[in-house]
Amino acid sequence: MTHTPPAQTDHGKELFERFVDLWNGEVDFADTPEFIADDFTVHSAELARYLGFPDSRQITTRDGLLDWVTAVRTLLHDVRFTTRPGPLREGDLVAGGYTVTGTYAGGAPTATVAPGTAVRYSGMAIVRLENDRIAEYWVLSDALGLLSQLGAVPRP
């Protein structure tokens, strides 16, 4: 009989999952210094401004990230990020796909749908680790799909 040793945990993958938990509202903001660097950079598309979010391309600190997380969680009640595939790790980079589900709470300046509308969109995320904390975040989400579901742009 062959014995398979238990898989070792990967701290980088654990940090990525904790980052997802932050978006899901499962991490107290006071605990974020443990896994998010003070200097934190976001790389993303400009479409978020149509939802009334802070300009994510200008985020350079952990507090800026937390403001963005708050904005998303305010716009979408019961928001839930589910990771698949991933997380996958290579060196100091950890990546994963995600699907977001939630219920529109109102407040997006260009939305035409009523609060209570269910939404679902997907994306990919990559984080860069530095000194056992997340220092950079690249995000590519189907923001156009979300805008379409909110009636902020015409459906194709």
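For clarity, every value in this text was computed on a predicted model and none was experimentally measured. (Residues numbered from 1 in each chain as written. Predicted model: local features only at pLDDT ≥ 70, side-chain atom pairs only at ≥ 80, totals over all residues. Heavy atoms only, no water.)

Colleague: Where do I start with the packing of aromatic side chains in this structure?
Modeller: The geometry of an aromatic ring pair comes down to the distance between the two centres and the angle between the two planes. Here the structure, examined in full by the defined rule, presents eight aromatic pairs. Aromatic side chains tryptophan 23 and tryptophan 68 sit 5.1 Å apart centroid to centroid with 90 degrees between the ring planes, which places their arrangement in the edge-to-face category. A residue pair is termed long-range when its members are at least 10 positions apart, and tryptophan 23 in helix H1 (residues 11–23) and tryptophan 68 in helix H2 (residues 62–75) qualify at 45 residues. A single burial state applies to tryptophan 23 and to tryptophan 68, both of which are buried. Measuring from ring centre to ring centre gives 6.4 Å for tryptophan 23 and tyrosine 137, while their planes differ by 45 degrees; the resulting arrangement is tilted. Remark: tyrosine 137 occurs in strand S6 (residues 133–141) and tryptophan 23 occurs in helix H1; sequence separation between them is 114 residues. Chaining the aromatic ring pairs together yields one cluster made of Phe19, Trp23, Phe40, Trp68, Phe81, Tyr98 and Tyr137. (Phe/Tyr/Trp six-rings, centres within 6.5 Å; stacked < 30°, edge-to-face > 60°. Helix = DSSP H or I, 4+ residues; strand = E, 2+ residues; numbered from the N terminus. Buried < 20%, exposed > 50% of the residue type's maximum accessible area, 1.4 Å probe, protein only.)

Colleague: Honestly, H2 in this entry has me stumped. Any pointers?
Modeller: Each α-helix turn comprises 3.6 residues. Residues three or four places apart therefore point the same way. The terminal C-alpha atoms of H2 lie 20 Å apart, and with 14 residues this matches the ideal 20 Å at 1.5 Å per residue to within 8%. By the burial criterion, the buried members of H2 are Arg62, Gly64, Leu65, Leu66, Trp68, Val69, Ala71, Val72 and Leu75. Next to the buried residues of H2 lie H1, strand S1 (36–43), strand S2 (76–83), strand S4 (93–104) and S6. (Expected span 1.5 Å × (residues − 1). Contact = heavy atoms within 4.5 Å.)

Colleague: Quick question: what am I supposed to make of the pattern of salt bridges here?
Modeller: A side chain of one charge can pair with a side chain of the opposite charge if their charged atoms are brought near each other. Scanning all chains against the criterion turns up seven salt bridges. Between glutamate 34 and arginine 18 there is a salt bridge, with the nearest N and O atoms lying 3.0 Å from each other. Taken together, the positions of glutamate 34 in the loop between H1 and S1 and arginine 18 in helix H1 put the pair 16 residues apart, joining distant regions of the chain. Its relative accessible area of 26% is what places arginine 18 among the partly exposed residues. Notably, a salt bridge pairs arginine 128 with glutamate 136, separated by 2.5 Å at the nearest N-O pair. Each of the two residues, arginine 128 as well as glutamate 136, counts as buried. (Salt bridge = Lys/Arg side-chain N within 4 Å of Asp/Glu carboxyl O.)

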